[in-house]
Amino acid sequence: MSENVSYTNVHRAFLQACSNHGTLSTSQAFNMYVAICAQHDDSHSIPSEADLASVIEAINERIYRFDQKIALVHYDPTDMDFYVFVSLQESPIDLQQNVFTAPELHFFRVLLRELALSEDHTLALIACLNLTNDTASEGMKPLAKTRAEQLLQEWEQLGYFLTLNDKCYLGPKAVVEFEKYITRNYADVVTRCCLCNVTIFYGVKCASCPQILHKDCMKKYLRRLTNCPACKTLWSVPL
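Residues numbered from 1 in each chain as written. Predicted model: local features only at pLDDT ≥ 70, side-chain atom pairs only at ≥ 80, totals over all residues. Heavy atoms only, no water.

- The name given to the protein in an unreviewed UniProt entry is Non-structural maintenance of chromosomes element 1 homolog, with the source organism recorded as Anopheles arabiensis.
- Listed in UniProt under the heading Subunit (unreviewed entry), the comment for the protein reads: "Component of the Smc5-Smc6 complex."
- Taken verbatim from the UniProt record of the protein, the Catalytic activity (unreviewed entry) comment is "S-ubiquitinyl-[E2 ubiquitin-conjugating enzyme]-L-cysteine + [acceptor protein]-L-lysine = [E2 ubiquitin-conjugating enzyme]-L-cysteine + N(6)-ubiquitinyl-[acceptor protein]-L-lysine." (UniProt positions renumbered as here; feature names shortened; annotations may be inferred.)

Now the structure itself:
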């Protein structure tokens, strides 16, 4: 960040809000930014989305040294954009050791593993709760299912998981924050979008070949071309 750009209470308050919420839709983030400006910005200028982008860029320059970032991600299961406060460390699960018990963290790891290994990266909600049987260890009882339900709700609020139509998905925060972790530990079951070269968990499949792409990437691609980027046949899947 250049020296003549001040880092204000607006930046600090917005960073704190992102850290507390974990995941915010772009509309939620902008509404929060407007409210913060009304409280902390004495210039009385009308906030814009471009202003918010500049604030986030300045924040990221400050927090990158701490292996943190506010990332903008398009989340295919809901077809929405989110701002996600993420840790860039290799094992971000370990950062929660002072928040959750060992069995609770183990449940998180098992849930992350099973979602990564499942063919479509989803699990039936009942199957998620049954994973509590894997949290038992020597001298310790398995995590209670009632507590597992509470944890799923809490983790969903933070953006780690999503429950939709009685299924559990990796949430927008997990897709960004645990991309390296999942790729490193389950490399044989993850693929990359051939358009952006980013690990793909949810997307759209070509009707003529096995290629899966991020829906947002494919929408941008089809503005210029009409064929599948892999098999070159005419793209026919609705987006």
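Alright, that's what it looks like, and here's the rest.
1. Description of the packing of helix 1 (residues 9-21) against helix 3 (residues 49-63)
And then number 1: Closest axis-to-axis distance for the helix 1/helix 3 pair is 10 Å, and the angle between their directions is 80 degrees. One way to sum up the angle between helix 1 and helix 3 is to call them roughly perpendicular. In this structure, helix 1 uses His11, Phe14 and Leu15 to contact helix 3, whose residues at the interface are Leu52, Val55, Ile56, Ala58, Ile59 and Ile63.
And then number 2: Looking at the contact of helix 1 with helix 3, its residues break down into eight nonpolar, one polar and no charged. (Axes fitted to C-alpha atoms, helices over the stretch in contact; angles between N-to-C directions. Helix = DSSP H or I, 4+ residues; strand = E, 2+ residues; numbered from the N terminus. Parallel < 35°, antiparallel > 145°, perpendicular 65-115°, else oblique. Contact = heavy atoms within 4.5 Å. Nonpolar A, V, L, I, M, F, W, Y, C, P; charged D, E, K, R; others polar.)

2. A few points about the domain arrangement of the protein
The accessible area lost on association of the parts is a frequent measure of interface size.
And then number 1: Here the protein is partitioned into domain 1 (9-87), domain 2 (92-186) and domain 3 (192-238).
And then number 2: In this complex, domain 1 contributes 14 residues to the contact, which on the side of domain 2 involves 15 residues.
And then number 3: Interface of domain 1 and domain 2: buried area, both sides summed, is about 1000 Å²; carbon and sulfur atoms make up 68% of it.
And then number 4: Contact with domain 2 buries area across many residues of domain 1, yet Thr23, Tyr75 and Ser87 alone supply 45% of it, more than any other trio.
And then number 5: Joining domain 1 to domain 2, the criterion identifies zero salt bridges.
And then number 6: Those elements that place two or more of their residues in the side of domain 1 that touches domain 2 are helix 1, strand 2 (68-75) and strand 3 (80-87).
And then number 7: No other element matches strand 3, which puts five residues into the side of domain 1 that touches domain 2.
And then number 8: By residue class, the composition of the side of domain 1 that touches domain 2 is eight nonpolar, six polar and no charged. (Domains from an automatic or database assignment. Buried area = accessible area lost by both parts, 1.4 Å probe. Salt bridge = Lys/Arg side-chain N within 4 Å of Asp/Glu carboxyl O.)

3. Notes on the nonpolar core
And then number 1: Grouped together as the largest cluster of nonpolar side chains are 38 residues, with contacts concentrated most on Leu111, Leu112, Trp155, Phe161, Leu170, Phe178 and Ile182.
And then number 2: The element contributing the most residues to this core is helix 4 (residues 102-117), with eight residues.
And then number 3: Composition of this core by domain shows at least three residues from each of domain 1 (9-87) and domain 2 (92-186).
And then number 4: Counting 21 residues, the second largest nonpolar core, distinct from the first, contains Phe14, Cys18, Ile36 and Leu52. (Core = buried A, V, L, I, M, F, W, Y, C linked by side-chain atoms within 4.5 Å. Buried < 20%, exposed > 50% of the residue type's maximum accessible area, 1.4 Å probe, protein only.)

4. Some words on the layout of surface pockets
And then number 1: Considering only enclosed or pocket space, the largest pocket measures out at about 640 Å³ in volume.
And then number 2: Around the largest pocket, the lining is made up of 29 residues, and of these Val73, Val175, Val176, Glu179 and Val198 lie nearest the centre.
And then number 3: Counting only elements with at least two residues in the lining of the largest pocket, the list comes to strand 2, strand 3, helix 7 (172-177), helix 8 (179-185), strand 8 (199-200) and helix 9 (215-221).
And then number 4: Looking at which element gives the most residues to the lining of the largest pocket, the answer is strand 2, with six residues. (1 Å grid on protein atoms, 1.4 Å probe; cavity = no way out; pocket = protein on both sides within 12 Å on 5 of 7 lines; lining within 4 Å. Points joined across faces, edges and corners; volume = space filled by probe spheres on them.)

5. Describing the pairing of strand 2
And then number 1: The sheet contact formed by strand 2 and strand 3 spans eight bridges and is antiparallel. Bridging from a neighbouring strand, Lys69 pairs with Val86 of strand 3.
And then number 2: The loop that links strand 2 with its antiparallel partner strand 3 comprises four residues; one of these, Asp79, has a positive phi angle of about 55 degrees. (Pairing = 2+ DSSP bridges.)

6. Concerning the sheet that holds strand 6 (residues 167-170)
Strand-to-strand pairing in sheets goes through backbone hydrogen bonds, with the strands running parallel or antiparallel.
And then number 1: With antiparallel pairing, the three strands of this open sheet are ordered in space as 4-6-5. The open sheet has two free edges, formed respectively by strand 4 (122-124) and strand 5 (161-164), since each of these has just one partner strand. Mean inter-strand twist for the sheet, computed between neighbouring axes without regard to direction, equals 25 degrees.
And then number 2: Direction of pairing for strand 4 relative to strand 6: antiparallel, over a ladder of three bridges. Looking at the pairing, Leu123 lines up with Cys168 of strand 6.

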